[in-house]
Amino acid sequence: SVQAMVNPLTLMLPATIATSFAFLLPTASPPNVVVLAKSQDLGRPLRFRDFFTNGLALTIICVLVGAELSAAMAPLVFGEDKSLPKWACEAAPASCLWMDVEGTVRGLAVSSQACIVDLSTSGEVCRLWNGSLVHTVGAMAEAMLNATADGADR
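The residue count restarts for each chain, going from 1 along the sequence in the order it is written. In keeping with the predicted nature of the model, local features appear solely for residues at pLDDT of at least 70, side-chain atom pairs appear and are counted solely at 80 or more, and the whole-chain, interface and lining totals rest on all residues. Side-chain calculation: all heavy atoms of the structure are included, whereas hydrogens and water are not.

**As for the overall build of the chain**
Moving on, step 1. In terms of helices and strands, the chain carries five helices and six strands.
Moving on, step 2. By the criteria applied, helices consist of DSSP H or I runs no shorter than four residues and strands consist of E runs no shorter than two, each listed in order from the N terminus. Secondary structure elements of the chain occur, N-terminal to C-terminal, as α-α-α-α-β-β-β-β-β-β-α.
Moving on, step 3. For each residue, the accessible area found with a 1.4 Å probe, counting protein chains only, is set against the maximum for its type, and the residue is called buried under 20%, exposed over 50%, and partly exposed in between. In the chain, which comprises 154 residues, the proportion classed as buried is 29%.
Moving on, step 4. A contact between two residues is defined here by any heavy atoms of the two lying within 4.5 Å. Taking contacts inside the chain between residues at least 6 apart in sequence as the whole, the part at least 24 apart equals 44%.
Moving on, step 5. Counting every atom, the chain has about 10,000 Å² of accessible surface; 65% of that belongs to carbon and sulfur. All accessible areas in this document rest on Shrake-Rupley with a 1.4 Å probe, and a residue is counted as covered only by the protein chains that are shown.

**A few points about the side chain of Asp 50**
Moving on, step 1. Mapped onto the fold, Asp 50 is located in helix H3 (residues 48-77).
Moving on, step 2. A relative accessible area of 15% places Asp 50 in the buried class.
Moving on, step 3. Residue contacts for Asp 50: discarding those within four places in its chain leaves Arg 44 and Pro 45.

**Digging into the state of the cysteines**
Moving on, step 1. Disulfides are defined as pairs of cysteine sulfur atoms found within 2.5 Å of each other. The tally for this structure, following the rule as stated, stands at two disulfides.
Moving on, step 2. Paired by a disulfide, Cys 89 and Cys 96 hold their sulfur atoms 2.0 Å apart. Residues Cys 89 and Cys 96 are joined through a disulfide that is left-handed, its torsion about the S-S bond being -110°.
Moving on, step 3. A disulfide bridge connects Cys 115 with Cys 126, and the sulfur atoms are separated by 1.7 Å. Across the S-S bond of Cys 115 and Cys 126 the torsion is about 95°, and the bridge reads as right-handed. Of this pair, Cys 115 sits in strand E4 (residues 113-118) while Cys 126 sits in strand E5 (residues 125-127), placing them eleven residues apart in sequence.
Moving on, step 4. Given a relative accessible area of 0%, Cys 115 falls into the buried group.
Moving on, step 5. Note on Cys 126: relative accessible area 0%, which makes it buried.
Moving on, step 6. The connectivity of the disulfides in the chain is 1-2, 3-4, where the numbers refer to bonded cysteines in sequence order.

**Some details on the packing of aromatic side chains**
Moving on, step 1. The criterion for an aromatic pair is that two Phe, Tyr or Trp rings (for Trp, the six-membered ring) have centres within 6.5 Å, with stacked assigned to planes under 30 degrees apart, edge-to-face to planes over 60 apart and tilted to the rest. The tally for this structure, following the rule as stated, stands at one aromatic pair.
Moving on, step 2. Ring geometry for Phe 48 and Phe 52: centres 6.1 Å apart, planes at 25°, overall stacked. Highlighted residues: Phe 48 and Phe 52, both in helix H3, separated by four residues, approximately one helical turn.

**Thoughts on the pairing of E4**
Moving on, step 1. Most of E4 sits out of view: five of its six residues are buried.
Moving on, step 2. Any two strands with at least two DSSP-identified bridges between them are counted as paired. Looking at chain direction, strand E1 (residues 96-99) and E4 are connected through four bridges and run antiparallel. When the bridges of E4 are listed, Met 99 appears paired with Gln 113.

**Comments concerning the sheet that holds E1**
Moving on, step 1. Taken in spatial order, the four strands line up as E1-E4-E5-E6 in an open sheet, and their pairing is antiparallel. Each edge of the sheet is formed by a strand with only one pairing partner; in this case those strands are E1 and strand E6 (133-135). Averaged over all neighbouring strand pairs, the angle between strand axes comes to 40°, with direction disregarded.
Moving on, step 2. Bridging between E4 and E5 involves three bridges; their strand directions are antiparallel. The residue bridging Val 117 from the neighbouring strand is Cys 126, located in E5. Every axis corresponds to a line fitted to the C-alpha atoms, with the helix fit spanning only the stretch in contact, and the corresponding angles, defined between N-to-C directions, vary from 0 to 180 degrees.

Structure representation (structure tokens):
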């Protein structure tokens, strides 16, 4: 997500929500396990096929609705429609620099933004969200100095 300059929440949130829609397997959720265990007392206990055939349609519907809802609600709740956040850039210091460069990112005016290091230029150039290139020689030294100072504070 850092190389694509996409907020990581944009990718993680729908996947996280979709994992809670597991209706296919008897062991997918505690209620399914209880139903499977109690069905052993019936004349014909439930089988894997029973859970799969009934859970398939429900799983598909919930995943589709959940993906749409997470896409609609995430910008409101998490603000994930904005640019790559500073915390995500700092998590990948070898490939991302947080620079004090004013500009417009996804229609919002920003005073600082992520700059993705172009490794084909030996890290001397980085690319802003709008595609413009910035020389990083001084910025890389400053970022490394800040990282060293942050490590010493801990």
